[in-house]
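# Observations on chain architecture
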Amino acid sequence: TLETQEAIMALPQQKQVFDATAYLAWEAEQPDRNEFMAGEVFAMVGVRQAHNVATLNLASHLRSELKGSPCRVFIESVKTRIEAADCFFYPDVVVTCDARDRATPEYISHPLLVVEVLSDSTAAFDRGNKFAAYRKLESLQEYVLVDLAARRIELFRRNAEGHWVLYEYNAGDTIEFASLSLRVPVALVLEDTEEETEKPGSDPV
């Protein structure tokens, strides 16, 4: 079931310890995506439709707005490397404007903005250890969590003193992405993400 799949999302894929070079070589041969953290790899599984819709909503809008700029927008299948934390993650949406990232086709290392769409199985990790790792990126200015269940966007921004400040946006608000000098309505991100639950075996009315 989908619930069972989500429950195992954060389980280690293997007990074998990798270094970054070995992980990249191994990952290139895998049929599915696996994240890497301090020597261990973690399998990623499918997500709910609403998760994918929100990801596409935001990424497509950012790509359109940033067209013609040095910035590039990636979704889901492009790795972000955090060398200081010995990690490779697959953000739902990531934006880099750094020319150095064009020299590493397998991953980026200098993102300005990272967005994660929360699910029940990953929310604690996205708020905790994953965010702690991302904070080690000197380039990162904003870390965004899209909470579909709460219909809320949480944006953490690094201030001039290097502290991370939370800005919360709800339905009807407009998100300010200061790192990109862009404003995006919450409604645009959440568009068409409402879910209708149907009991297994039930017939459509």
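In this report, the structure presented in the accompanying data block is examined. Please read these numbers as outputs of a predicted model, since none were measured by experiment.

### A few points about the packing of aromatic side chains
Tallying each qualifying case throughout the model produces eleven aromatic pairs. Centre to centre, the rings of Tyr 134 and Tyr 143 are 5.4 Å apart; their planes meet at 45°, and the pair counts as tilted. Grouped by ring-pair contacts, the aromatic residues Phe 89, Phe 125, Phe 131, Tyr 134, Tyr 143, Phe 156 and Trp 164 constitute a single cluster. The positively charged end of Arg 33 is found above the aromatic ring belonging to Tyr 90, 5.5 Å away from the centroid. For the cation-ring pair, Arg 135 lies above Phe 131, with the distance from its terminal atom to the ring centre recorded as 4.5 Å.

### Observations regarding the pattern of salt bridges
Side chains that carry opposite charge are capable of pairing whenever their charged atoms lie near each other. According to the stated counting rule, one finds ten salt bridges in the structure shown. One salt bridge connects Glu 116 with Lys 130, and the closest N-O pair in it is separated by 3.5 Å. With Glu 116 in strand E8 (residues 111–117) and Lys 130 in helix H5 (residues 129–134), this pair connects stretches of sequence that are 14 residues apart. Across this residue pair, the class does not change: Glu 116 and Lys 130 are buried. Linking Arg 151 and Glu 194 is a salt bridge whose minimum nitrogen-to-oxygen distance equals 3.3 Å. Here the residue Arg 151 occupies a position in the loop between strand E9 (142–147) and strand E10 (152–158), and Glu 194 occupies one in the segment after helix H6 (186–190), the gap between them amounting to 43 residues. Judged by relative accessible area, Arg 151 falls into the partly exposed class, the value being 24%. The exposure class assigned to Glu 194 is exposed, which follows from its relative accessible area of 58%. Among the ionic contacts, a cluster of salt bridges with common partners joins Glu 35, Glu 116, Asp 126 and Lys 130.

### Section: the sheet that holds strand E4 (residues 79–82)
Read from one edge of the open sheet, five strands run E2-E1-E5-E4-E7, paired in mixed fashion. Edge positions in the sheet fall to strand E2 (40–43) and strand E7 (107–108), since each of these pairs with one other strand and no more. Relative to strand E5 (residues 87–89), strand E1 (residues 34–37) runs antiparallel, the two sharing two bridges. Its bridge partner lying in E5, Met 37 is registered against Cys 87. Of the strands in this sheet, E1, E2, E4, E5 and E7 are in contact with helix H2 (residues 20–27), which crosses E1 at around 175°.

### Observations concerning the sheet that holds E8
Spatial strand order, E3-E6-E8-E9-E10-E11: six strands in an open sheet with mixed pairing. The outermost strands of the open sheet, each flanked by one partner alone, are strand E3 (72–75) and strand E11 (164–170). The sheet shows a mean angle of 15° between the axes of neighbouring strands, direction not considered. As paired elements, E10 and E11 share seven bridges and run antiparallel to each other.

What counts as what
Residues numbered from 1 in each chain as written. Predicted model: local features only at pLDDT ≥ 70, side-chain atom pairs only at ≥ 80, totals over all residues. Heavy atoms only, no water. Phe/Tyr/Trp six-rings, centres within 6.5 Å; stacked < 30°, edge-to-face > 60°. Lys NZ or Arg CZ within 6 Å of the ring centre and 35° of its normal. Salt bridge = Lys/Arg side-chain N within 4 Å of Asp/Glu carboxyl O. Helix = DSSP H or I, 4+ residues; strand = E, 2+ residues; numbered from the N terminus. Buried < 20%, exposed > 50% of the residue type's maximum accessible area, 1.4 Å probe, protein only. Pairing = 2+ DSSP bridges. Contact = heavy atoms within 4.5 Å. Axes fitted to C-alpha atoms, helices over the stretch in contact; angles between N-to-C directions.

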